[in-house]
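Residues per chain are reported as follows:
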Amino acid sequence: MFGMLEDAPTIRMIAETEAPVESRQGPKTLVDATFAALHEVGYARTTIKEICARSGVSQGGLFRHFGTRQDIIVAAADEVARRHASAFLDDLGTMEGDP
């Protein structure tokens, strides 16, 4: 029995240090899934359930990163704006000469 007690802290430490898969995927996976859902099924059908199914993240995992559906929708919109601004700046950088 004493041997089992010695093993318990080791097991607990391993469990505490290994991040679950959805923690490693993080908000980027959720934002990408939200963007894809908005594009494919529209705003009204982009539900928490839809986002979780597309991302492979549980609802608990989603709410660990985003407080509400609106929060993740706004994060997806922010990411779209960031991508557009980045593409615009890249295009400006490739233009030759001034107009």
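Note that the structure is predicted; figures quoted are calculated from it, not measured. (Residues numbered from 1 in each chain as written. Predicted model: local features only at pLDDT ≥ 70, side-chain atom pairs only at ≥ 80, totals over all residues. Heavy atoms only, no water.)

Asker: So what about a nonpolar patch on the surface? Which residues, and what values?
Answerer: Residues Phe88, Leu89, Leu92 and Met95 make up a contiguous nonpolar surface patch of about 440 Å² in total accessible area. Considering the arrangement of structural elements, one finds Phe88 in helix H5 (residues 69–94). (Patch = residues over 30% accessible without salt bridge, like charges linked within 9 Å, V, L, I, M, F, W, Y side chains within 5 Å. Areas by Shrake-Rupley, 256 points an atom, 1.4 Å probe, with all protein chains shown as cover. Salt bridge = Lys/Arg side-chain N within 4 Å of Asp/Glu carboxyl O. Helix = DSSP H or I, 4+ residues; strand = E, 2+ residues; numbered from the N terminus.)

Asker: Summarise the packing of aromatic side chains; cite the residues concerned and give the values.
Answerer: The relation between two aromatic rings is expressed through the spacing of the ring centres and the mutual angle of the planes. Throughout the structure, instances matching the rule amount to zero aromatic pairs. Its end group placed over the ring of Tyr43, Arg69 keeps NZ or CZ at 4.3 Å from the ring centre. The ring of Phe35 is capped by Arg83, whose NZ or CZ atom sits 5.7 Å from the centre of that ring. (Phe/Tyr/Trp six-rings, centres within 6.5 Å; stacked < 30°, edge-to-face > 60°. Lys NZ or Arg CZ within 6 Å of the ring centre and 35° of its normal.)

Asker: How would you explain the environment of Ala37 if you had to name every residue and give the values?
Answerer: Considering the arrangement of structural elements, one finds Ala37 in helix H2 (residues 21–41). Residue classification places Ala37 among the buried positions, given a relative accessible area of 0%. Put simply, Ala37 and Glu50 are 13 residues apart on the chain and 7.2 Å apart in space, counted from C-alpha to C-alpha. Residues within four places of Ala37 in sequence aside, it is in contact with Gly42, Thr46, Glu50 and Arg54. (Buried < 20%, exposed > 50% of the residue type's maximum accessible area, 1.4 Å probe, protein only. Contact = heavy atoms within 4.5 Å.)

Asker: Tell me about the confidence of the model for the protein chain, residues and numbers included.
Answerer: On average, residues of the protein chain score 81 in pLDDT, and 71% of them reach the 70 mark or higher. Per-element confidence in the protein chain is highest for helix H3 (residues 48–55), whose mean pLDDT is 97, and lowest for helix H1 (residues 2–17), whose mean pLDDT is 45. Here residues 7–23 scores under 50 on pLDDT; set against residues more than four positions off or in separate chains, the count is seven contacts. (pLDDT = per-residue confidence, 0-100.)

Asker: So what's going on with the pattern of salt bridges? Residues and values would help.
Answerer: Scanning all chains against the criterion turns up six salt bridges. For Arg83, the salt bridge identified is with Asp32, shortest N-O distance 2.9 Å. Remark: Asp32 occurs in helix H2 and Arg83 occurs in helix H5; sequence separation between them is 51 residues. For Arg83, a relative accessible area of 35% corresponds to the partly exposed category. Of the charged contacts, one joins Glu79 and Arg83 as a salt bridge, the two residues approaching to 2.9 Å between their closest N and O atoms.

Asker: An account of the side chain of Glu79 is needed here, citing residue identities and associated values.
Answerer: Residue position: Glu79 is located in helix H5. Of the polar contacts made by the side chain of Glu79, one reaches the side chain of Arg83; its length is 2.9 Å. (Polar contact = N/O pair within 3.5 Å; in protein donor to acceptor, adjacent residues only side chain to side chain.)

Asker: For H3, give the residues involved together with the corresponding values.
Answerer: Residues of H3 that are buried include every one of Ile48, Ile51, Cys52 and Ser55, and no others. Viewed end-on, H3 has its buried residues packed into an arc of 95°, placing them on one side of the element. Among the exposed residues of H3, those oriented more than 90 degrees off its buried face are Lys49 and Ala53. Count one or two residues on from H3 and you reach Gly56, which has phi positive near 75°. (Arc of directions from axis to C-beta.)

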